[in-house]
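Understanding the architecture of this molecule
The lines below spell out each chain.
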Amino acid sequence: MELLHVLGNTWAAAAATALLPVYKLTDRDVVLIDTGYAKLDRAGLTSLIDANGWRLRAILCSHAHFDHTGNVRYLQQRYGAPAAISLIEAGISVNPDSYRANYVALTYGKSREIFLEECFTADRVIFPQDDHIDIDGARFGVLSLPGHSAGHIGFVTPDGAAYVGDCLIDQHEIDAAKLPTSMFIAKDLDSKAALRATDYPAYILAHKQVVTDRAELSALIDSNIAFIHRKERELLDDLTDGMTFSDWIYTFCQRENIRTRQELKFSIVERNFANFVDWLTDTGKVRVQRDFCAKRYYHA
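Residues numbered from 1 in each chain as written. Predicted model: local features only at pLDDT ≥ 70, side-chain atom pairs only at ≥ 80, totals over all residues. Heavy atoms only, no water.

Here we take up the packing of helix H9 (residues 214-238) against helix H10 (residues 245-256). Two packed helices can be described by the angle between their axes and the distance between those axes. Direction vectors running N to C along H9 and H10 enclose 115 degrees, while the axes themselves pass 9 Å from each other. Between H9 and H10 lies a crossing whose hand is right-handed. In contact with Lys 231, Glu 234, Leu 235 and Asp 238 of H9, H10 contributes Trp 248, Thr 251, Phe 252, Arg 255 and Glu 256. Partitioning the contact of H9 with H10 into residue classes produces three nonpolar, one polar and five charged. (Axes fitted to C-alpha atoms, helices over the stretch in contact; angles between N-to-C directions. Helix = DSSP H or I, 4+ residues; strand = E, 2+ residues; numbered from the N terminus. Left-handed = near helix turned anticlockwise from the far one by under 90°. Contact = heavy atoms within 4.5 Å. Nonpolar A, V, L, I, M, F, W, Y, C, P; charged D, E, K, R; others polar.)

Let us now look at the packing of aromatic side chains. A ring pair, where both rings are aromatic, is described by two values, the distance of the centres and the angle of the planes. Under the defined criterion, the tally for this structure stands at 13 aromatic pairs. Both rings, one in Phe 245 and one in Phe 273, keep their centres 5.4 Å apart while their planes meet at 75 degrees; by these two values the pair is edge-to-face. Residue Phe 245 is found in helix H10, and its partner Phe 273 is found in helix H11 (residues 263-282); the two are separated by 28 residues along the sequence. When its relative accessible area of 0% is taken as the criterion, Phe 273 is described as buried. Members of the aromatic cluster, connected to one another through ring pairs, are Tyr 37, Phe 66, Tyr 99, Tyr 103 and Phe 115. In this arrangement the basic side chain of Lys 24 is found over the ring face of Trp 11, its NZ or CZ atom lying 4.4 Å from the centre. Sitting over the face of the ring of Phe 184, Lys 187 holds its NZ or CZ atom 5.3 Å from the ring centroid. (Phe/Tyr/Trp six-rings, centres within 6.5 Å; stacked < 30°, edge-to-face > 60°. Buried < 20%, exposed > 50% of the residue type's maximum accessible area, 1.4 Å probe, protein only. Lys NZ or Arg CZ within 6 Å of the ring centre and 35° of its normal.)

Quick look at the pattern of salt bridges now. Scanning the entire structure with this criterion turns up 19 salt bridges. A salt bridge links Arg 196 to Asp 222; the shortest N-O distance between them is 2.6 Å. Within this pair, whereas Arg 196 is found in the loop between helix H8 (185-194) and strand E12 (202-205), its partner Asp 222 is found in helix H9, the two being separated by 26 residues in sequence. Arg 196 gets classed as partly exposed once you look at its relative accessible area, which sits at 35%. With its nearest N and O atoms 3.4 Å apart, the salt bridge here joins Glu 232 to Lys 285. With Glu 232 in helix H9 and Lys 285 in the loop between H11 and strand E15 (286-291), this pair connects stretches of sequence that are 53 residues apart. On the basis of relative accessibility, which here comes to 9%, the residue Glu 232 falls in the buried class. (Salt bridge = Lys/Arg side-chain N within 4 Å of Asp/Glu carboxyl O.)

On their own, these measurements won't tell you what the molecule is for.
This is how it looks when you write it as C-alpha cells:
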C-alpha cells in the first residue's frame, strides 16, 4: 500500500478504492482516518503499519460504510487502537442488525452473513456539538457533513488538511456512477455547498483525490452537485405516470444497463434509488398515490 505525502505530517495511504489519511504524531505514533475494505485492504494496511514500526494511537471514522470501517475491529484487536465515530454511526456500527440501517434492502439474515466483520464498538463517540477531538495532545477538527450517510463527518488534521470522506467524489467516480450514494440528498447537497465556505490548504477525497487548488475544489463541488441534478432529470424522464417502484427502478436499470446477480450490489442500487425517489417526493417533483399496498408514482 503506497503512502502519499499530503502536507506536513499528513499522509494518505492509497488503499484499493480509497485514500486513508494518516497523521504522524511522531515518527512512530500515528492516527489513521478510515480503514478501507476488510477483504481488499487488510493485508496492505497491516503491512504498512508493521513495516514502518508504527504505533496506531487512534482510528477516526467518517461513517459506517463497509469500505470505510471494514478493518476497524481488526485494528482495535491487533493494535489496541481506540476508534472514534459520530454518535449516529456508532449506533449503526455496533452489530449487523443496526448496520443494516445503511443497507436496508438486505434482509436481517443477509446483513448478518455479509457484515459481521465490519461491525465494531466505538471507544469514543463524537457528539453532534463536537467540533474537534484531541488525541495525544493533537487536535483534529470535526466537520459535520451529513447526507451521504446520516452521521457522516470529516476531519481536519493539525496541519489543516481536510478529509471530507464521501461528501465529494472525484470526476472519475462521477463519470462512472449510476446514482449518487446518498441517504439524504437534500442534506448532502447542503454539505457539498458548505465546503465552499471553508479554506484549507488541502482537501482529501476518500474516492480518490487530493485537491490543493481552490478553483479546482470549486469546480469539483459544482460537478458533484450537477451530477445529482442530472440524475434528477433522468429519473423523471424514466417515470411514466402510474408506475410502481418496481416498474420505475426496472426502467432505470434497463437504461443504465445495470445487470447483476450479486445481492449486495443490487441492494446498494435499490437503496440509492429509493433514497433518490424519497428526495424527489419531498421536493414535490413526484406525487405518490397508494393503491392497496402498492405505491404508484406520478409527475407532480
